[in-house]
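Observations on the model geometry
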Amino acid sequence: MNVIARGDGVQPGPRRGRTWWEVQHPEGSQGTWRDLPALLADSVRLVWGAGRNVFLVTSALQLLTAVGVAVQLFIGKAVLDTVLGAGASVSFGELVPVLAALVGITVALDLAQAIQNEQSRVLGELVGRRALDRVLDVATRVDLLAFESPDFYDRLQRARAQGQYRSLQTVNGLLGIASSSVTAVGIVVALAVLQPLLLPFILVGYVPLWIVASLNTRDLYRFSREMTPNERQRNYLGNVLMSRNAAKEVRAFDLPALLRRRYDELYDERISELRSLARRRTARSLIGSVASSGVTVGTIGMLSWLYVTERMSLAATGAAVFGLYQLAGRLRGLHMSATSLYEATLFIRDYSSFLTLGDRVDEE
């Protein structure tokens, strides 16, 4: 019995020469950041084709949310102006209109967020199905010699995993960027009206985080790509060791110890590489966090100076503090969504590369 060297392309020893299929269907390079616009366009087309109506609904809700947050900021300033301007003589009746507007906006924003979350879940499912359908279409049309190639199985495994999971990540990243960007712009405009001197501090503070996220994401992609053969072999060996069909032959040929030893070696290799990756990413994240925190302290100092020197009123300062709090949350959301989308587009490269095999079949 040839338990290890079979169609799954799992090989215990040094890799042999390239197969006929690998020569005829070479995989492209890992690409560079210049490829990201094209990969992002592929992702958008995938999302649009899977559920354009749901995508439009969620996008519209995000735009409304963005406008609502900016309006909420100005209503909050109006409340403070009314209270601080009238002092002790202000009556509750004077506050009712602005308080009612504030409550109405808050409820509307919460409702829009709830609808958006549910629709995003539906959209993710639609996109995942369409992505896997396209992988199945290619897998059932390629030349049968492909199934003798470990390279083909590596590409198939990456496409199957990345197409489903990363397509959902792409959806969430796109929607998150749209929502956070528009909302952040609205808040920035509102803060610019209150005090434009605050803006440089706010925006510069997130530059270190962007740089760190970009480097960490590329590291994660390289790790995942390089570990694909390792993961494929581990999965196959694990299935053989636990499979009912293979159990008799494995024990008849006294293979459990050999296969388990190879399985453990592969897992040890993965964990070692993962620890190295974790150390690099943690060090970068620490540096980025320290740099960003320094800018945050500078922003607080600037706001305090503006108030003490009477360049901002108490009401404007309170509204600015609320706006900065909201903006910080939106920028964090934008940072996370952009990082997620950037990561997804790197992995979508493997998915898109696999789909080109179907185009080659059509040409042949």
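Residues numbered from 1 in each chain as written. Predicted model: local features only at pLDDT ≥ 70, side-chain atom pairs only at ≥ 80, totals over all residues. Heavy atoms only, no water.

Some thoughts on the overall build of the protein
When helices and strands are tallied, the protein shows 10 helices and 0 strands. Counting only residues that meet the buried cut, the protein has 41% of its 364 residues in that class. Within the protein, contacts between residues at least 6 apart in sequence are counted, and of these 88% link residues at least 24 apart. Of the roughly 19600 Å² of accessible surface on the protein, a fraction of 62% belongs to carbon and sulfur atoms. (Helix = DSSP H or I, 4+ residues; strand = E, 2+ residues; numbered from the N terminus. Buried < 20%, exposed > 50% of the residue type's maximum accessible area, 1.4 Å probe, protein only. Contact = heavy atoms within 4.5 Å. Areas by Shrake-Rupley, 256 points an atom, 1.4 Å probe, with all protein chains shown as cover.)

Regarding the pattern of salt bridges
When the charged atoms of two side chains with opposite charge come close together, those side chains can pair. Scanning the entire structure with this criterion turns up 7 salt bridges. In this structure, R129 engages D133 in a salt bridge whose closest nitrogen and oxygen atoms are separated by 3.9 Å. With a gap of 4 residues between them, R129 and D133 both fall in helix 3 (residues 92–139), about one helical turn apart. Across the salt bridge formed by R262 and E265, the nearest N and O atoms sit 3.6 Å from each other. Taken together, the residues span about one helical turn, with R262 and E265 both in helix 9 (residues 256–308) at a distance of 3 residues. On the basis of relative accessibility, which here comes to 23%, the residue R262 falls in the partly exposed class. What makes E265 partly exposed here is its relative accessible area of 42%. (Salt bridge = Lys/Arg side-chain N within 4 Å of Asp/Glu carboxyl O.)

Some words on helix 9
Helical periodicity: at 3.6 residues per turn, an α-helix aligns residues three or four positions apart in one direction. With 53 residues, helix 9 ought to run about 78 Å at 1.5 Å a step, and its terminal C-alpha atoms sit 76 Å apart, in line with that. Those residues of helix 9 that sit buried are L259, L266, L277, G288, S292, V295, T299, M302, L303 and L306. The positive-phi residue at the C-terminal boundary of helix 9 is E310, with phi of around 60 degrees. (Expected span 1.5 Å × (residues − 1).)

Concerning the packing of aromatic side chains
By convention here, two paired aromatic rings are described through the distance between centres and the angle between planes. Counted according to the given criterion, the structure contains 2 aromatic pairs. Each ring, one from W48 and one from F55, has its centre 6.5 Å from the other, and the planes form 80 degrees; the classification is edge-to-face. Its relative accessible area of 16% is what places F55 among the buried residues. When the centroid spacing of 5.7 Å and the interplanar angle of 80 degrees are considered together, the rings of Y263 and Y267 count as edge-to-face. In this pair, Y263 and Y267 are both assigned in helix 9, 4 residues apart and thus about one turn of the helix distant. (Phe/Tyr/Trp six-rings, centres within 6.5 Å; stacked < 30°, edge-to-face > 60°.)

Section: the nonpolar core
Core analysis: the largest hydrophobic core is formed by 25 residues, its most contacted members being L123, F152, Y351 and F354. Listing elements by their share of this core, those giving two or more residues are helix 2 (36–86), helix 3, helix 4 (150–194) and helix 10 (314–363). Of all hydrophobic cores here, the second largest spans 21 residues; its members include M302, A319, A320 and L334. (Core = buried A, V, L, I, M, F, W, Y, C linked by side-chain atoms within 4.5 Å.)

Describing the packing of helix 6 (residues 207–226) against helix 9
Relative to each other, helix 6 and helix 9 sit at 175 degrees, their axes nearing to 8 Å. Here helix 9 runs roughly antiparallel to helix 6, going by the angle between their axes. Where helix 6 abuts helix 9, its residues P208, L209, V212, L215, N216, T217, D219, L220 and F223 lie against R270, E273, L274, L277, R280, R281, R284, S285, G288, S289, A291 and S292. (Axes fitted to C-alpha atoms, helices over the stretch in contact; angles between N-to-C directions. Parallel < 35°, antiparallel > 145°, perpendicular 65-115°, else oblique.)

With respect to the environment of G68
Assignment of secondary structure puts G68 in helix 2. It is 8.2 Å that separates the C-alpha atoms of G68 and T106, two residues lying 38 residues apart in sequence. Among residues more than four places away in sequence, those in contact with G68 are I105 and L109.

Details of the environment of L324
By the element assignment, L324 lies in helix 10. The exposure class assigned to L324 is buried, which follows from its relative accessible area of 16%. Sequence separation of L324 and I300 is 24 residues, and the distance between their C-alpha atoms is 9.7 Å.

Examining the confidence of the model for the protein
For the protein, the average pLDDT comes to 75, and 79% of its residues sit at 70 or higher. The least confident element of the protein, judged by mean pLDDT, is helix 1 (residues 20–24) at 48; the most confident is helix 7 (residues 228–242) at 87. Low confidence marks residues 1–16, where pLDDT is under 50. Its contacts with residues over four positions away, or in another chain, come to 37 contacts. (pLDDT = per-residue confidence, 0-100.)

Remarks on the side chain of N216
As for its position among the elements, N216 is in helix 6. What makes N216 buried here is its relative accessible area of 7%. Filtering out sequence-adjacent residues up to four positions away, N216 remains in contact with R280, R281, R284 and S285.

Structural notes on a nonpolar patch on the surface
A surface patch of nonpolar side chains, amounting to about 370 Å² of accessible area, comprises F74, V185, V189 and V193. It is helix 4 that provides the largest number of residues to the nonpolar patch, a total of 3 residues. Its place among the elements puts V189 in helix 4. (Patch = residues over 30% accessible without salt bridge, like charges linked within 9 Å, V, L, I, M, F, W, Y side chains within 5 Å.)

Some points on helix 7
End to end, helix 7 covers 21 Å across 15 residues, agreeing with the expected 21 Å (1.5 Å per residue, within 8%). Every buried residue of helix 7 is accounted for by T228, N230, R232, Q233, R234, Y236, L237, G238 and V240.

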